[in-house]
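Summary of structural features
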Amino acid sequence: MVKMIRCFAVASLLPLSLFKDSKKLGQLSTSLLSKCEPDDVDDINKILTTDASNSAFLINAKFSNLPLQISAQLYKALKMELITERKENSAYNIKNVIVFGKSYVEPEKHKSKKTKLSGPSVQYQSSDLDILSEVATHTFSWKIPDETLAPVTTVPSDEVWQGYRSVLVVPVNLFLNCVDKIVDVLCSD
């Protein structure tokens, strides 16, 4: 008997203007702001509060051995959805996409107190985040206690890399421009 493994994934945008519970959005904003570098707090606060109607979270979750080619198709569908929705629904006429993702820092880098966690020391767990990080206007990361990741590399290593979460703020026009590159990279991996 062959056992079927189901694959699940979702890729969509959640405009901040559609949050019905402003208290929960406030809690989320406060939590994210507490993780920002001091230099970025004002800009990120503006994106999450004053300009909230111009921003959306990218919900991009992959579960259970999802082939990269399916992720590529999700990005293509998301691009078409965003282009269509921007014409038909003003809530989707946004300026920024806020992307959450897993990242890690090399063992010797996260031990150094001088490492700024939004710079080149942060490595993203997936190629789509690498591509989006190149055009992000703001990035910040924070350590996830007790989480370690195997490095995503072809070089064998026994070192444990510290797990982080990262947030990227990407202007929507640059996000849309990156989708084709993301699709090409995901299909070739």
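Residues numbered from 1 in each chain as written. Predicted model: local features only at pLDDT ≥ 70, side-chain atom pairs only at ≥ 80, totals over all residues. Heavy atoms only, no water.

So, about the nonpolar core. Core analysis: the biggest nonpolar cluster contains 30 residues, and Leu13, Leu58, Tyr75, Val97, Leu132, Leu168 and Phe175 have the highest contact counts within it. Counting only elements with at least two residues in this core, the list comes to strand S2 (55-63), helix H3 (68-88), strand S3 (96-105), strand S4 (122-124), helix H5 (127-133), strand S6 (161-171) and helix H6 (172-188). Broken down by element, the residue count for this core peaks at eight residues, all from H6. With residues near it in sequence (within four places) discarded, Leu168 still touches Val97, Ile98, Val99, Tyr124, Leu129, Leu132, Ser133, Ala136, His138 and Thr139. Grouped together as the second largest cluster of nonpolar side chains are 16 residues, Leu16, Leu32, Ile47 and Val167 included. (Core = buried A, V, L, I, M, F, W, Y, C linked by side-chain atoms within 4.5 Å. Buried < 20%, exposed > 50% of the residue type's maximum accessible area, 1.4 Å probe, protein only. Helix = DSSP H or I, 4+ residues; strand = E, 2+ residues; numbered from the N terminus. Contact = heavy atoms within 4.5 Å.)

Over its 17 residues, H6 runs 25 Å from end to end, which matches the ideal 24 Å to within 8%, given 1.5 Å per residue. Along its length, H6 shows its largest kink, about 30 degrees, at Cys178. For H6, the set of buried residues is Val172, Phe175, Leu176, Cys178, Val179, Ile182, Val183 and Leu186. (Expected span 1.5 Å × (residues − 1). Bend = angle between axes of the 7 residues up to and from the residue.)

Let's shift gears to helix H2 (residues 41-48). Buried residues of H2: Ile44, Ile47 and Leu48, and no others. Buried residues in H2, looked at end-on, bunch into an arc of 95 degrees, giving them a common side. (Arc of directions from axis to C-beta.)

This part takes up the packing of helix H1 (residues 22-35) against H2. Here H1 crosses H2 at 160 degrees, and the two axes come no closer than 10 Å. Regarding the angle of H1 to H2, the classification is roughly antiparallel. The element H1 and its partner H2 pack so that their crossing is right-handed. For the pair formed by H1 and H2, the contact residues are Ser29, Leu32 and Leu33 on the first element and Val41, Ile44, Asn45 and Leu48 on the second. The residue makeup of the contact of H1 with H2, split by class, is five nonpolar, two polar and no charged. (Axes fitted to C-alpha atoms, helices over the stretch in contact; angles between N-to-C directions. Parallel < 35°, antiparallel > 145°, perpendicular 65-115°, else oblique. Left-handed = near helix turned anticlockwise from the far one by under 90°. Nonpolar A, V, L, I, M, F, W, Y, C, P; charged D, E, K, R; others polar.)

So, on to the pattern of salt bridges. Going through the model one piece at a time under the given rule, you end up with two salt bridges. Where Glu134 meets Lys181, a salt bridge forms, and the shortest distance between an N and an O atom there is 3.4 Å. Of this pair, Glu134 sits in the loop between H5 and strand S5 (138-149) while Lys181 sits in helix H6, and the two are 47 residues apart along the sequence. (Salt bridge = Lys/Arg side-chain N within 4 Å of Asp/Glu carboxyl O.)

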